[in-house]
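# Overview (structure and organization)
If you want the building blocks of each chain, they are given just below.
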Amino acid sequence: MGQPVRDYLLTLCVTAAVTYLLTGPVRKFAIAIGAMPAIRARDVHREPTPRLGGIAMFGGLCAGLIVADHLHNLKSVFELSNEPRALLSGAALIWLIGVLDDKFELDALIKLGAQMIAAAVMVIQGLTILWLPIPGVGTVALTQWQGTLLTVALVVITINAVNFVDGLDGLAAGMVCIASAAFFLYAYRLWIGYGIEAAAPATLFAAILMGMCLGFLPHNMHPARIFMGDSGSMLIGLVLAAGAISITGQVDPDSMRIFFEGSERGATHAMFPVFIPLLLPLTIIAIPAADLILAIVRRTWNGQSPFAADRGHLHHRLLEIGHSHSRAVLIMYFWSALIAFGTVGYSVHSASSWIVFVIMAASAAGLVLLLMPRFTPRTPQWANRFVPPRYRRPAPEPASSSAYDEKPAPATSGPQQALEDAQMGEEGAERAPVAVGVSGVNGATAIGARSRFPERRSIDSSR
């Protein structure tokens, strides 16, 4: 692992740094030109927030490709393959359409047509699916039209799946970053472990995509100062699809057979990484794709257009059942990590596979902790001085021994007793202690019980 890892790490860091540094000026530019749409019914945020974050992400993409072109171990990717140029051409087109949509709100059909054209541009320059490795059948060569249609379909599905989950602060960028990290491990292993040079472009795309997301996340975490908009969500969806297409359509499955000798069962296990490209593009976007399918079915069932926006997405439902914004995002992160790294981990059968399984175990543990019901910490009295004030157990009130408390209450009844009870209730309400700093807190920091449903008013109520 030596030099290639350092080159990929340098490319990732440069991409992240350029994206991060450009996001601030882009935010000021978006505010200046009025790219701050009004709050819509389906939006979660309550203050107008500028879009056009995709401008900074596209700058990071260009910077990453330029740096990689000047590195010794990655220069061959540009010399032996036209895929980086194909990616840049398609990305520039889809980015331009996204910028126009962030400013002028283009029609959904126009954006769909632009996505197909961007995919076609990449196909024309050689970034297309040439064959499919099908388990039990073997390698199936595709005709030009079959490869083109399959490539366009994969690009359009991936772009819209990523665009659909871009509903919470930091959600889309974080999920795509997790998916690209898993994809990088898989593609890098094909290149270094099996010596397949055709996997190098996909490895580079995954590293650059991670840098784009990591550089934008600090500005996009809750509460977000800027949104990536369609210019960003469609861009990272296209890059993610390009990496999957590069491996699925360009890596020859037969080239991996020479690296294994043994029983038929062992050969089948060794050939499993060949079939991963069929599964990995689906698993890394499993949650976005599921959200996309559910949204289409839901809207069609209700007599609406499949492109009509609503508040029925998975992240909206997490908020409705009582999770905080940050907690809902973390749950989606962990689900993405479990699915993406689980698929990659199943294909790994080398001595270093424990790294992937540790990541999977940590993701599963975090997911279980996030899904656990909230509870009130019970700190012992002796530990009160060592914990923050909000976690301290209140000291028990000393028992009163005054003569007034020991005096029995007079036995009264009737209207007089009711009047006294009402007066006592009002005085008690005035003396009731008020909890400061915990009301309304939710998510992982909640320490008290709260209702998950809003207060409902009676029809006859005058409030």
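Residues numbered from 1 in each chain as written. Predicted model: local features only at pLDDT ≥ 70, side-chain atom pairs only at ≥ 80, totals over all residues. Heavy atoms only, no water.

### Some remarks on the packing of aromatic side chains
Applicable threshold: Side-chain rings of Phe, Tyr and Trp, where Trp is taken by its six-membered ring, are said to pair if the distance between their centres is within 6.5 Å; with planes under 30 degrees apart they count as stacked, over 60 as edge-to-face, and otherwise as tilted. Numbering goes from the N terminus for both helices and strands, where a helix is a DSSP run of H or I of at least four residues and a strand is a run of E of at least two. Using a 1.4 Å probe on the protein chains alone, a residue whose accessible area is under 20% of its type maximum counts as buried, one over 50% counts as exposed, and one in between counts as partly exposed.
Per the counting criterion, the structure on display carries 6 aromatic pairs. Arranged with centres 6.1 Å apart and planes meeting at 80 degrees, the rings of Tyr8 and Tyr188 form a pair that is edge-to-face. One end of the pair, Tyr8, is in helix 1 (residues 2-33); the other, Tyr188, is in helix 7 (residues 171-194), and 180 residues separate them in sequence. A single burial state applies to Tyr8 and to Tyr188, both of which are buried. Centre to centre, the rings of Phe184 and Tyr188 are 5.7 Å apart; their planes meet at 25 degrees, and the pair counts as stacked.

### Topic: the side chain of Ser231
The criterion, for reference: Under the rule applied, a polar contact is a pair of N or O atoms within 3.5 Å (in protein, one hydrogen donor and one hydrogen acceptor; residues adjacent in sequence only if both atoms are side-chain atoms). Between two residues, a contact is recorded if the distance between any of their heavy atoms is within 4.5 Å.
Within the secondary structure, Ser231 is located in helix 9 (residues 229-250). From its side chain, Ser231 meets the backbone nitrogen of Gly54 in a polar contact 3.3 Å long. Within polar-contact distance, the side chain of Ser231 engages the backbone oxygen of Met228 at 3.2 Å. For Ser231, the contacting residues outside a window of four places in its chain are Leu52, Gly53, Gly54, Ile55, Trp95, Gly98, Val99 and Asp102.

### Things to note about the confidence of the model for the chain
Condition: Residue-level confidence of the predictor is summarised by pLDDT, bounded by 0 at the bottom and 100 at the top.
Mean pLDDT over the chain stands at 74; residues scoring 70 or higher make up 61%. Ranking the elements of the chain by mean pLDDT puts helix 16 (residues 403-406) last with 46 and helix 2 (residues 54-69) first with 96. Within the model, pLDDT remains below 50 along residues 260-268, and this stretch shows 3 contacts once partners closer than five positions in the same chain are excluded. Overall, residues 401-407 carries pLDDT values under 50, and its contacts beyond four positions in sequence, including any with other chains, amount to 2 contacts.

### Re the side chain of Ser180
Within the secondary structure, Ser180 is located in helix 7. Leaving out residues up to four positions away in the same chain, Ser180 has contacts with Ala206, Leu209 and Met210.

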